[in-house]
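Chain by chain, the residues run as shown.
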Amino acid sequence: GFSFRELVMSLKSLIHFCLPGVSEHYRILRKLQVGSKADVIKLLSLTSLTVLFEATGIALVLPILSFVKNDRDPEKFAEASKVGEYIVDMFMAIGLPISLLALCSVVILIISARQTLNFIYTLHIDHIKLRVGRNLSIRCFESILGSNAENIGRYKAGQFASLIQHECQAAASVVRNYSRIW
């Protein structure tokens, strides 16, 4: 198998391989004025929060098992691990008694928050993709109609409609694809 060092080196190589293409596409979209930095920040924030809630929800499953293994005794649970101690301290700070129901409720709330964030992210990325596609279509339409008659005459009837509608939406799909990398 792979060592941790080899895995890290492989990931670094992948990032260095992909980053120039991603930054070039982003630069083109910014030059065409069809996307914004605010969109990128929103997407990265929503994605990061989703990953954080996902990791937290999964990470809390093992402490629940540990709580059950320690006879549902908060003192034994806190002594069993640092995570258990941290969870007991958090519950005490909030003023809630620690129980199996409370631990499971917290996990359900965290997973529900993750699902909600993922839904908001999906709506947001689809909205951005459609807006970028529309803006590309408008820019393409204006550029074609602003060109000389000889250039306009080169387009066949279906080719012009396909370029404006399909090709611009396909190019906008790059935004969705890059947003899924993180």
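Just so it is clear, the model here is predicted, and its values are computed rather than measured. (Residues numbered from 1 in each chain as written. Predicted model: local features only at pLDDT ≥ 70, side-chain atom pairs only at ≥ 80, totals over all residues. Heavy atoms only, no water.)

K.L.:
Whenever I open this one, the overall build of the protein chain confuses me. Can you help?
P.N.:
A tally of helices and strands in the protein chain yields eight helices and zero strands. Classification of the 182 residues of the protein chain by burial places 25% in the buried group. Total accessible area on the protein chain is roughly 12700 Å²; 67% of this is exposed by carbon and sulfur atoms. (Helix = DSSP H or I, 4+ residues; strand = E, 2+ residues; numbered from the N terminus. Buried < 20%, exposed > 50% of the residue type's maximum accessible area, 1.4 Å probe, protein only. Areas by Shrake-Rupley, 256 points an atom, 1.4 Å probe, with all protein chains shown as cover.)

K.L.:
Just checking my understanding: could you explain a nonpolar patch on the surface for this structure?
P.N.:
Taken together, the side chains of Val-61, Leu-62 and Leu-65 make up a nonpolar region of the molecular surface, amounting to roughly 290 Å² of accessible area. Looking at the secondary structure, you find Leu-62 in helix H3 (residues 61-69). Under the relative-accessibility criterion, Leu-62 is labelled exposed at 60%. (Patch = residues over 30% accessible without salt bridge, like charges linked within 9 Å, V, L, I, M, F, W, Y side chains within 5 Å. Salt bridge = Lys/Arg side-chain N within 4 Å of Asp/Glu carboxyl O.)

K.L.:
Which parts of the structure should I look at to understand the nonpolar core?
P.N.:
Taken as a class, soluble globular proteins show a tendency for nonpolar side chains to be buried jointly. Formed by 14 residues in total, the largest nonpolar core has its most connected members in Leu-43, Tyr-121, Ile-125, Ile-128, Val-132, Cys-140 and Val-175. Only helix H2 (37-59), helix H6 (100-145) and helix H8 (157-179) provide two or more residues apiece to this core. If we ignore the near neighbours within four places in the chain, the residues touching Ile-125 are Leu-43, Val-175, Arg-176, Ser-179 and Arg-180. Membership of the second largest hydrophobic core comes to 13 residues, among which are Ile-64, Ile-87, Val-107 and Ile-110. (Core = buried A, V, L, I, M, F, W, Y, C linked by side-chain atoms within 4.5 Å. Contact = heavy atoms within 4.5 Å.)

K.L.:
Would you mind showing me how to read helix H5 (residues 82-94) here?
P.N.:
For an α-helix, 3.6 residues make a turn, and residues three or four places apart therefore share a direction. In a regular helix each residue adds 1.5 Å, so 13 residues correspond to 18 Å; H5 covers 18 Å between its end C-alpha atoms and thus fits that length. Among the residues making up H5, those that are buried are Gly-84, Ile-87, Val-88 and Phe-91. Buried residues of H5 fall within an arc of 95° about the axis and therefore sit on the same side. Away from its buried face by more than 90 degrees, H5 exposes Lys-82, Tyr-86 and Ala-93. Contacts from the buried residues of H5 go to H3, helix H4 (74-80) and H6. Phi turns positive one or two residues past the end of H5, at Gly-95, with a value near 95°. (Expected span 1.5 Å × (residues − 1). Arc of directions from axis to C-beta.)

K.L.:
Even after reading the chapter, I still don't get the packing of aromatic side chains, so can you show me in this structure?
P.N.:
Per the counting criterion, the structure on display carries three aromatic pairs. Between Phe-141 and Phe-160, the ring centres sit 5.9 Å apart and the planes meet at 50°, which makes this aromatic pair tilted. On the criterion of sequence distance, the pair formed by Phe-141 in helix H6 and Phe-160 in helix H8 is long-range, its members being 19 residues apart. Pairing Tyr-155 with Phe-160 gives two aromatic rings, centres 6.3 Å apart and planes at 70°, and the pair type is edge-to-face. (Phe/Tyr/Trp six-rings, centres within 6.5 Å; stacked < 30°, edge-to-face > 60°.)

K.L.:
How should I be thinking about unusual backbone geometry in this particular structure?
P.N.:
With the exception of glycine, the majority of residues adopt a negative phi angle, and the majority of peptide bonds are in the trans configuration. One non-glycine residue, Asp-71, lies in the positive phi region at around 60°. Overall, Asp-71 belongs to the exposed group, its relative accessible area being 56%. One non-glycine residue, Arg-72, lies in the positive phi region at around 60°. Here Arg-72 lies in the loop between H3 and H4.

K.L.:
Would you explain the pattern of salt bridges in this entry?
P.N.:
Two side chains bearing opposite charge may form a pair once their charged atoms approach each other closely. By the definition in use, this model includes four salt bridges. In this structure, Glu-54 engages Arg-114 in a salt bridge whose closest nitrogen and oxygen atoms are separated by 2.1 Å. Within this pair, whereas Glu-54 is found in helix H2, its partner Arg-114 is found in helix H6, the two being separated by 60 residues in sequence. Relative accessible area serves as the criterion here: at 31%, Glu-54 is assigned to the partly exposed category. A relative accessible area of 17% places Arg-114 in the buried class.

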